[in-house]
Amino acid sequence: MKRFIAIILSMILVFTMVPVVSLSAFADYLPDEDFTFEDGVLTIRDGVTEIPQYAFCMDDEIVSVVIPNTVEIIRVGAFSDCVSLTSVNIPDSVKVIELNAFEGCTSLESVVVGNGVESIGTCAFADDSALVNLTLGSSLKTIGDYAFSSCSSLVSVTIPESVETFGYGPFDDCTSLSSFYVPKNVTNMRSDVVDGCTNVTAITVDKDNQSYTSIDGVLYTKDAKTLMRVPEGRTGSFTIPNG
């Protein structure tokens, strides 16, 4: 499996040298006074600065979550496998979304990532198969390994100009994507950035990017001497530049 290594590394990070019993054994729950829950709406109390690892994972009653503008970090797997969650708005106060934070939220349709978020971790939104509306904030620098992999309903995504690094296959198997844009500040990217995206017909690179270029929708290194990716949805022939 394409994400096998990343998932194994994630598991090692969290579970190293600890006997596996259940996720609840590793969860750091929020005290009851720090949140309320009513009619499917989870509201985190103003003043809370982090949402602990696995705090609400596998809670199938959460439909939406209200995160205050005091939260700075969303920890590992905090909302993973919350299968009834439909939307989340991450405030500007959040700097980091850790690995697996919203993985497997199969009803999640809308995500707004605030303008303070700098890093989205490994598999943070992986397997969110209903995700259609995705907004990424203007401070985002790193999109981690397989961060949005298998978001099969995602038709388009706007990558902010602030992004510098793509991990392994960040949009792997997003089979509804039709195009992909690489901003000017990206200096670290692999050829598998849109691996398995069978409907992507063109990859576009900002003309001022110093590391990569695109010619007729095909991705190359800046000097056009190394072909990196032919979009999987492209049909017909194309000409490789001389050199």
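Before reading on, note that the structure itself is shown above.
First, a word on what this report is: a plain description of the structure on this page. (Residues numbered from 1 in each chain as written. Predicted model: local features only at pLDDT ≥ 70, side-chain atom pairs only at ≥ 80, totals over all residues. Heavy atoms only, no water.)

Taken in spatial order, the 6 strands make up an open sheet running β3-β5-β7-β9-β11-β12, and their pairing is parallel. Of all strands in the sheet, those bounded by a partner on one side alone are β3 (50-51) and β12 (165-166). As judged from the 2 bridges shared by strand β5 (residues 73-74) and strand β7 (residues 96-97), these two strands associate in the parallel manner. Looking at the pairing, I73 lines up with V96 of β7. (Pairing = 2+ DSSP bridges. Helix = DSSP H or I, 4+ residues; strand = E, 2+ residues; numbered from the N terminus.)

The next subject is the pattern of salt bridges. When the charged atoms of two side chains with opposite charge come close together, those side chains can pair. Tallied over the full model, the rule gives 8 salt bridges. Two residues, E50 and R75, come together in a salt bridge whose shortest N-O distance is 3.3 Å. Taken together, the residues E50 in strand β3 and R75 in the loop between β5 and β6 (87-90) connect sequence positions 25 residues apart. Under the relative-accessibility criterion, E50 is labelled partly exposed at 31%. The class of R75 is partly exposed, set by a relative accessible area of 26%. (Salt bridge = Lys/Arg side-chain N within 4 Å of Asp/Glu carboxyl O. Buried < 20%, exposed > 50% of the residue type's maximum accessible area, 1.4 Å probe, protein only.)

Tallied over the full model, the rule gives 8 aromatic pairs. Ring geometry for F148 and F171: centres 5.4 Å apart, planes at 5°, overall stacked. Within this pair, whereas F148 is found in the loop between β11 (142-143) and β12, its partner F171 is found in the loop between β12 and β13 (179-182), the two being separated by 23 residues in sequence. Residues F148 and F171 agree in their burial class; the two are buried. Taken together, F35, F56, F79, F102, F125, F148, F166, F171 and F180 form an aromatic cluster joined through their ring pairs. (Phe/Tyr/Trp six-rings, centres within 6.5 Å; stacked < 30°, edge-to-face > 60°.)

No statement about biological role is implied by the geometric values presented.
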